[in-house]
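If you want the building blocks of each chain, they are given just below.
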Amino acid sequence: MIFVVKVPRFDASSLGAVYVYIGVADHIAARIEAGELMSGARLPAERDLAADYQVAVGTARRAVQELRDRGLVVTLPAKGTYIT
């Protein structure tokens, strides 16, 4: 049986002295760890992530890069970004 833990909604005002892109990446990482986002699932496009998290597209792009650096996602050109 798989238990999914509900991750609270992202709130940029609660980040304190953390870059917003790190906060977004941490939130997505927490969702992956909690089972909300499953291995092999496709992440929304960067523009959609930016809209979902109410951040700039550049911030969403840096968050996705941070997730790649952590080894949590892989981006396939012209295909999308997938959870590893």
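Along each chain, residues carry numbers from 1 onward, in the same order as the chain's sequence is written. Given that this is a predicted model, residues contribute local features only at a pLDDT of at least 70 and side-chain atom pairs are listed and counted only at 80 or more, while totals for whole chains, interfaces and linings are drawn from all residues. Side-chain measures were taken over the full set of non-hydrogen atoms in the model, leaving aside hydrogen atoms and water.

**Student:** Explain the confidence of the model for the protein chain residue by residue, including any values.
**Tutor:** Chain-level statistics for the protein chain give a pLDDT mean of 91 and a share of 94% at 70 or above. Confidence scores differ between elements of the protein chain, with helix α1 (residues 20-34) showing the lowest mean pLDDT of 95 and helix α3 (residues 57-69) the highest of 98. A residue's pLDDT is the predictor's confidence in that residue, given on a scale from 0 to 100. A run of H or I in DSSP becomes a helix once it reaches four residues, and a run of E becomes a strand once it reaches two; helices and strands are each numbered from the N terminus.

**Student:** Residue-level account of the nonpolar core, with values.
**Tutor:** Counting residues in each nonpolar core, the largest one holds 21 residues, and the members touching the most others are Val24, Ile28, Leu43, Tyr53 and Leu67. Taken together, the elements giving at least two residues each to this core come down to α1, α2 (46-53) and α3. Among the elements that line this core, the one with the most residues is α1, at seven residues. Whether two residues are in contact is decided by their heavy atoms, any of which lying within 4.5 Å being enough. If we skip the residues at most four places from it in the chain, Leu67 touches Ala25, Ile28, Ala29, Leu43, Leu72 and Val73. By convention a nonpolar core is built from buried Ala, Val, Leu, Ile, Met, Phe, Trp, Tyr and Cys residues, the set being connected through side-chain atoms within 4.5 Å. Classification of residues uses two cut-offs on accessible area relative to the type maximum, computed with a 1.4 Å probe and protein chains only: under 20% is buried, over 50% is exposed, and between them is partly exposed.

**Student:** Outline the pairing of strand β1 (residues 73-76), supporting the account with residue identities and numerical values.
**Tutor:** Here, a strand pair is defined by DSSP locating no fewer than two bridges between the strands. In terms of strand pairing, β1 meets strand β2 (residues 80-83) through four bridges, oriented antiparallel. The partner of Val73 across the bridge, within β2, is Ile83. Between β1 and the antiparallel strand that follows it, β2, lie three residues; Ala78 among them carries a positive phi value of about 65°.

**Student:** Describe in detail unusual backbone geometry, supporting the description with residues and values.
**Tutor:** Notably, Gln54 is not glycine yet its phi reads approximately 55°, a positive angle. Tracing the chain through its elements places Gln54 in the loop between α2 and α3. Positive phi is not limited to glycine here, since Ala78 has a value of about 65°. You can see Ala78 is positioned in the loop between β1 and β2.

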